[in-house]
Amino acid sequence: MRKLMATMLSGMILTGSLFSCATGSAATNVTILPGRGPAYVATLPKQPLSKQEIKDLLHMREEEKLARDVYTTLYKMWQMPVFRNIARSEQRHMDMLKFLIDRYNLEDPVAETGDQIGKFKNKKLQRLYTKLVKKGSKSLIDALEVGATVEDLDIKDLQDALRRTDNRDIAAVYENLMKGSRNHMRAFTAILRRYGIEYKPKFITPAEYKAIIGSKHEIGVVYNENGKSVTAYQTIVLKGIVTKVYQRPGYGNRRVIWWMLEIKTPNGKEEIAVAPIWLYSSLDIVPGDRIEVTGYVPPFWRFRNIKGLMACTIKNLKRGVAYKIRNCNRFNRRFRLQNR
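Residues numbered from 1 in each chain as written. Predicted model: local features only at pLDDT ≥ 70, side-chain atom pairs only at ≥ 80, totals over all residues. Heavy atoms only, no water.

Observations concerning the layout of surface pockets
To find the voids left in a structure, one rolls a probe of water-molecule size over its atoms.
Piece 1. Estimated volume of the second largest pocket: approximately 310 Å³.
Piece 2. The wall of the second largest pocket is formed by 15 residues, among which L128, L132, T149, L153 and F203 lie closest to the centre.
Piece 3. Of all the secondary structure elements, the ones that give two or more residues to the lining of the second largest pocket are α3 (51-78), α6 (123-136) and α7 (140-163).
Piece 4. Here the residues of the lining of the second largest pocket are counted per class, giving seven nonpolar, two polar and six charged. (1 Å grid on protein atoms, 1.4 Å probe; cavity = no way out; pocket = protein on both sides within 12 Å on 5 of 7 lines; lining within 4 Å. Points joined across faces, edges and corners; volume = space filled by probe spheres on them. Helix = DSSP H or I, 4+ residues; strand = E, 2+ residues; numbered from the N terminus. Nonpolar A, V, L, I, M, F, W, Y, C, P; charged D, E, K, R; others polar.)

A look at the packing of aromatic side chains
Piece 1. Following the criterion strictly, the structure yields six aromatic pairs and no others.
Piece 2. Ring geometry for Y199 versus Y209: centroids 5.8 Å apart, planes at 65 degrees, classification edge-to-face. Placement of the pair is Y199 in the loop between α8 (168-194) and α9 (206-213) and Y209 in helix α9, with a sequence separation of 10 residues.
Piece 3. For Y199, a relative accessible area of 4% corresponds to the buried category.
Piece 4. Judged by relative accessible area, which is 5%, Y209 ranks as buried. (Phe/Tyr/Trp six-rings, centres within 6.5 Å; stacked < 30°, edge-to-face > 60°. Buried < 20%, exposed > 50% of the residue type's maximum accessible area, 1.4 Å probe, protein only.)

So, the environment of F83
Piece 1. As for its position among the elements, F83 is in helix α4 (residues 81-103).
Piece 2. Taking C-alpha positions, F83 is 8.6 Å from T73, a pair spaced 10 residues apart along the chain.

With respect to the environment of E145
Piece 1. Relative to the helices and strands, E145 is located in helix α7.
Piece 2. Spatially, the C-alpha atoms of E145 and F188 are 7.4 Å apart, while their sequence positions differ by 43 residues.
Piece 3. Setting aside chain neighbours within four positions, we find E145 in contact with K135, L192, I197 and Y199. (Contact = heavy atoms within 4.5 Å.)

Section: the nonpolar core
Piece 1. One finds V70, Y71, V82, F83, L144 and F188 to be the most contacted residues of the largest nonpolar core, which totals 32 residues.
Piece 2. Of all elements in the fold, only α3, α4, α6, α7, α8 and α9 reach the threshold of two or more residues within this core.
Piece 3. Dropping the residues within four chain positions of it, V70 is found in contact with Y129, L132, V133 and V146.
Piece 4. Core analysis: the second largest hydrophobic core is formed by 21 residues, I272, V274, L283 and I285 among them. (Core = buried A, V, L, I, M, F, W, Y, C linked by side-chain atoms within 4.5 Å.)

Some words on the confidence of the model for the chain
Piece 1. Averaged over all residues, the pLDDT of the chain is 83; the fraction at 70 or higher stands at 79%.
Piece 2. A low-confidence stretch, residues 1-35 stays under pLDDT 50, and its non-local contacts, those more than four residues away or across chains, total 113 contacts.
Piece 3. Within the model, pLDDT remains below 50 along residues 333-340, and this stretch shows 21 contacts once partners closer than five positions in the same chain are excluded. (pLDDT = per-residue confidence, 0-100.)

Examining unusual backbone geometry
Piece 1. We note that N105 has phi near 55 degrees; this positive angle belongs to a residue other than glycine.
Piece 2. For N105, the position within the fold is in the loop between α4 and α5 (109-112).
Piece 3. Even without being a glycine, D115 presents a positive backbone phi close to 50 degrees.
Piece 4. Its location among the elements puts D115 in the loop between α5 and α6.
Piece 5. We classify D115 as partly exposed; its relative accessible area is 34%.

A closer look at α3
Piece 1. Over its 28 residues, α3 runs 40 Å from end to end, which matches the ideal 40 Å to within 8%, given 1.5 Å per residue.
Piece 2. With its phi angle positive at about 55 degrees, Q79 sits one or two positions after the end of α3. (Expected span 1.5 Å × (residues − 1).)

Considering the pattern of salt bridges
Piece 1. Within this structure, the stated rule accounts for 19 salt bridges.
Piece 2. Its salt-bridge partner being K135, residue D142 comes within 3.0 Å of it at the nearest N-O pair.
Piece 3. Through salt bridges with shared partners, a single ionic network connects K65, R68, D69 and D115. (Salt bridge = Lys/Arg side-chain N within 4 Å of Asp/Glu carboxyl O.)

Structure follows, in structure tokens:
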């Protein structure tokens, strides 16, 4: 049988031309290593929210918007790439908080203002935006100091919010946002130093500030609620009886038709994505075959609530047939982050 080309498949995976699986996840042997960003947070339990936790979530959603809007405005004024680049990062921070807001069915304050640049539901943040933009318009040095100040405030507010939550998913997001803010502060203060300016922290302590700028840029993604990096990947080994072999349109590109398997495990049914039909004209697998599947859950699947498994290898335990479809180790290396 033909061997599929991993390079072709990786292109389709990354562009999202996959499918939506409706059954729940079940496996006889599962090793779960969390996915990326929202994919990891989605694996954590939902826990009851206190009034303070709700207040903090809504505030931090708009405070990250404050950072994005200020930097977007300052980039238009000064055309310095650091403002454009960090504004993009702040959008990702906003997206993470939106994920939590949606997860807990809260009203999004950003949606209420139409996500317009410089418009906030929180009156304090509205006044702060005006004040920061006014200062940042005076000179490039002032603009860079505004950037450091925004990150200074963001770190302090995230620290406070983190102390007021016991929800693992919220804590994980706050830890990730703080990591990003520390990197942003390093970027702004490094440029200020080139101009001979030393930023003086206004919200975090001098000791905290010194520790941040005295340490290296933090690479990778901090996922867990204790601020530690985890392996950003999910590998699953599953055994079951094939109950159905069928085709279905791709999730992103419905013109791409995929081979699918439905298998019955001791814990329930599971859907397995095999390959596009143009790579396999037929499958040597039929209902009643007992198979072992090694695969993974693409990181964005959890974020989009897509259930199922992307197969890397399939062993037919009844007839000795083996499919080697993808190199799981290669995907593992791509998505893996070292523990820190």
